[in-house]
Amino acid sequence: MTDSTARPVPEAFRDSANVSATSYDEMYRRSLEDSDSFWAEQANRLLHWFTSWESVQSGSLAGGDARWFEGAKLNAAYNCLDRHLENNADSTALIWEPEDESAENRRFTYRELHDAVCRSASALRGIGVKRGDRVCLYLPMIPEAVISMLACARMGAIHSVVFSGCSPDALRERIDDFQASVVITADQAIRFGRKVPLKARVDIACENLESVKRVVVVRRGGDDVDWKDGRDLWFDDLLRGAPSDSPAAEMGAEDPLFILYTSGATSKPKGVLHTTGGYLVYAALTHEVILDHHAGDVHWCTAELGWITGHTYSVYGPLANGGTVVLFEGSFDAKKPARTWEIVDKYQVNSLYTTPTLIRTLMAQGDSHLETTRRNSLRVLGTVGEPINAEAWNWYHSKVGKDDCPVVDTWWQTETGGIVLSPVPAAESIKPGASAKPFFGIEAGLVDDSGELLEGEATGHLVLSRSWPGQMRSLYGNHDRFVESYLSANPGHYTTGDAAHRDADGHYRITGHVDDRITIAGVTLDTSDVENAITSDAGIAEAAVVAYTRDDGKDGIYAWVTPRIDTVTDNALADALKNRVQESLGETAVPDVIQWAPALPRTRSGKILRRILKQIANGAVDDLGDTTTLADANVVDALVELRQKGS
Ligand code: PRX
């Protein structure tokens, strides 16, 4: 059965943690009761400001006009680079690990990264990019992606990183929405050893898009590309001769830093807008406290840069804190499960931040791939993006971390800018997949279906009730949609769209997206509860449960289940899984179908695409909607086939 008992956090960790459990509570209290002085203190401690603020916070979350550090001037790239030059110029800022393990890696000290960013910023200025212009980055996971983000920040352009798996149509829609004047891309990306034609996709996406004046191309794959004279430029040519003397623009704290599109599975993508000062303070503080960053630490966040996790915890948070960041080019290959741990050992990674999906994928391969590595450098293990089931949490904690590292299951969203709910890493003990507390400055609450705030232990819709520095400020070019999407459903609160349970100690456990709840015979179930019951079987790696319409027209539950590598999948196991669900949740929750699935469709950010699983379960496969964020489209074809065969 699932073991959900709390695991002690090793004393050695607690003794050396940045924030002890008691200080955490005290700091949390101050962050709400004495909010201005708390945030002013953090902002001064963590960042360099060219000019200080007139007010720490103004406007309000509920009014949709929250502003932080108004009147202050700073530069995000200056804070991520220049500030560390005096004492840390020669320490490593960025290590790039190529997908091909036999190829050479690349390392940048802070001095070298600073130089590359300055020259890129000069080059962007040289091709006419001005402060406030939008620049689209459609790049693989290569150092030039980080360099380009910081170059934009340095000269005051707003970057929007589009995930390199997006189709030309999706890319076009985004570029058109934010009217990019420049697109930075690569000739080809390398994925699973194959070349993915990024530049060719950009050509299609930009056809007749008037805003795009320049396309800058990084050479990665090395194959020929079509060339549009007068528009296209090689990144290397542009940098050659670009002056390395590039002053950091003095940006207002509320000037936009970047726009990031959320997947928009069912509607037009939303261009989430983050601004400079508040976002950076929040990124740096959450990284320091929750991932317990110490000077000299090596931090590896496995997220693609095209997602918010990549922005906040591969770039802005760790670099603002002077850390060493590992950037892995590759896609995680289930056939090479040991690679993840080899990278941890090779670079002596201290904090690893990844998704439950990756953990489950690796766990499905058995444990033998762990045996060739030591992983002794690890101090903190983080997860984000989805609920983590107890089995996967326990495996991460005891097998990967050898019971020696706290596991922080962090909840947040593109919109929140940084971690919002998390266990305190220096707590006495941490419980699998639960026990998350609000981070400093976060006033979390639960409301019922009619919007009434619930007291004490409760289950409901998770809302956030006051502004925090990292919150999104708007949807790019559509403030009304921002207000309508997030602030209207529960006036006075930001509606997260997630459901959660709060225990008697005020700890939150996310039960899933509100849309993932299933109502069967008048009973509402959280899919994660059913999934947890299924994955509590040691033979199961992963499960995703969706609603479907049975042959008799009634509502039913369809469970897609991925076994571990050595599991025999037969009717007896299917029955055993149904029994587990019945025992923990009752008859109503028992799936009608247990469908074995070799893998589940997920986005490159690690989320299971339930919408697609639901469509396949319902046989509605003619139009699967927006599949551009799928990590591997073949998975979908395989599942459609299995569903049709009914096996
Ligand atoms: O449903 C929640 C889920 O991911 C959503 C946010 O997705 P995105 O904007 O892509 O950002 C992902 C990275 C921050 C949330 O609304 N989610 C995120 N973290 C967790 C989670 N669900 C459960 N547990 C988590 N730790």
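**Q** Can you walk me through the sheet that holds strand 29 (residues 508-513) in this structure?
**A** For sheets, the rule is that strands pair by backbone hydrogen bonds, running either parallel or antiparallel. With antiparallel pairing, the 4 strands of this open sheet are ordered in space as 25-26-28-29. Every other strand in the sheet has two partners, leaving strand 25 (444-447) and strand 29 as the edge strands with one partner each. The sheet shows a mean angle of 45° between the axes of neighbouring strands, taken without regard to direction. Sheet topology places strand 26 (residues 458-464) next to strand 28 (residues 494-502); 6 bridges connect them, and they run antiparallel. From the neighbouring strand, Thr459 faces strand 28, where its bridge partner is His501.

**Q** Help me understand the site of the ligand in this model?
**A** Taken together, 16 residues surround the ligand, and among them Asp409, Thr410, Gln413, Thr414 and Asp498 come closest. One of the side-chain N or O atoms of Asp409 is found 2.8 Å from a nitrogen atom in the ligand. A distance of 2.9 Å separates an oxygen atom of the ligand from a polar atom in the side chain of Gln413. The fraction of the free accessible surface of the ligand (550 Å²) that becomes covered by protein chains is 88%. Of all the elements in the fold, those that place two or more residues in the shell around the ligand are helix 11 (308-320) and strand 21 (407-410). For the shell around the ligand, a count of residues per class yields 6 nonpolar, 5 polar and 5 charged.

**Q** It is not clear to me how the sheet that holds strand 34 (residues 593-596) should be interpreted in this structure. Could you clarify?
**A** Pairing is mixed across the open sheet formed by 3 strands, whose spatial order is 32-33-34. In this open sheet, the two strands that pair with only one neighbour each are strand 32 (540-549) and strand 34. Pairs of neighbouring strands in the sheet enclose a mean axial angle of 25°, with direction left out of account. Relative to strand 34, strand 33 (residues 555-563) runs parallel, the two being bridged by 4 bridges. Looking at strand 34, one finds that Val561 is bridged to Trp596. Most of the contacts of helix 18 (residues 610-617) go to strand 32, to which it runs at about 60°, and overall it touches strand 32 and strand 33.

**Q** Honestly, the side chain of Ser120 in this entry has me stumped. Any pointers?
**A** Structurally, the position occupied by Ser120 is in helix 5 (residues 110-126). Classification of Ser120 by relative accessible area gives buried; the value is 3%. A distance of 2.7 Å separates the side chain of Ser120 from the backbone oxygen of Ala116, its partner in a polar contact. Ignoring anything within four residues of it in the chain, the contact list for Ser120 reads Ile147, Ala151, Phe235 and Leu239.

**Q** Please clarify how the domain arrangement of the protein should be interpreted in this entry.
**A** In many reports, interface size means the accessible area that the parts give up when they come together. The assigned domain composition of the protein is domain 1 (110-249) and domain 2 (517-645). A separation of 39 Å is found between the C-alpha centroids of domain 1 and domain 2.

**Q** When you look at the state of the cysteines in this model, what are you seeing that I'm missing?
**A** Note: disulfide means a covalent bond formed between the sulfur atoms of two cysteine side chains. Tallied over the full model, the rule gives 0 disulfides. The structure places no disulfide on Cys166, whose sulfur is separated from the nearest cysteine sulfur, that of Cys136, by 9.4 Å. Residue Cys166 is classed as buried on the basis of its relative accessible area, which comes to 2%. The closest cysteine sulfur to the non-disulfide-bonded Cys301 is located on Cys80, 14 Å from its own sulfur. Among the residues examined, Cys301 registers a relative accessible area of 2% and is labelled buried.

**Q** Explain the packing of helix 2 (residues 21-33) against helix 3 (residues 35-46) here, please?
**A** Remark: helix 2 packs on helix 3, axes separated minimally by 5 Å, with the N-to-C direction vectors making an angle of 115°. For the pair formed by helix 2 and helix 3, the contact residues are Met27, Arg30, Ser31, Leu32 and Glu33 on the first element and Ser35, Ser37, Phe38, Trp39, Glu41 and Gln42 on the second.

**Q** For this particular structure, what's the right way to read the packing of aromatic side chains?
**A** Between two aromatic rings, the relevant description is the distance of the centres plus the angle of the planes. This structure, assessed with the given rule, holds 28 aromatic pairs. A ring pair is formed by Phe38 and Trp39, whose centres lie 5.0 Å apart and whose planes are at 90°; its orientation type is edge-to-face. The same class applies to Phe38 and to Trp39, which are both buried. Clustering of aromatic rings is evident, with ring pairs tying together Tyr24, Phe38, Trp39, Trp49, Trp53, Trp68, Phe69, Tyr282, Phe439 and Phe440. The ring of Trp234 carries the charged tip of Arg219 above its face, separated from the ring centre by 3.9 Å.

**Q** Explain the pattern of salt bridges to me, please; I cannot follow it from the model alone.
**A** Two side chains bearing opposite charge may form a pair once their charged atoms approach each other closely. What the rule picks out here adds up to 36 salt bridges. Notably, a salt bridge pairs Asp232 with Lys199, separated by 2.8 Å at the nearest N-O pair. Linking Asp232 in strand 13 (residues 232-234) with Lys199 in helix 8 (residues 198-206), this pair joins segments that are 33 residues apart in sequence. Exposure remark for Lys199: the relative accessible area of 1% places this residue in the buried category. Each of Lys199, Asp203, Arg231 and Asp232 takes part in a single network of salt bridges with overlapping partners.

Parameters at a glance
- Residues numbered from 1 in each chain as written.
- Predicted model: local features only at pLDDT ≥ 70, side-chain atom pairs only at ≥ 80, totals over all residues.
- Heavy atoms only, no water.
- Pairing = 2+ DSSP bridges.
- Helix = DSSP H or I, 4+ residues; strand = E, 2+ residues; numbered from the N terminus.
- Axes fitted to C-alpha atoms, helices over the stretch in contact; angles between N-to-C directions.
- Near = heavy atom within 4 Å.
- Polar contact = N/O pair within 3.5 Å; in protein donor to acceptor, adjacent residues only side chain to side chain.
- Areas by Shrake-Rupley, 256 points an atom, 1.4 Å probe, with all protein chains shown as cover.
- Nonpolar A, V, L, I, M, F, W, Y, C, P; charged D, E, K, R; others polar.
- Contact = heavy atoms within 4.5 Å.
- Buried < 20%, exposed > 50% of the residue type's maximum accessible area, 1.4 Å probe, protein only.
- Domains from an automatic or database assignment.
- Disulfide = S-S within 2.5 Å.
- Phe/Tyr/Trp six-rings, centres within 6.5 Å; stacked < 30°, edge-to-face > 60°.
- Lys NZ or Arg CZ within 6 Å of the ring centre and 35° of its normal.
- Salt bridge = Lys/Arg side-chain N within 4 Å of Asp/Glu carboxyl O.

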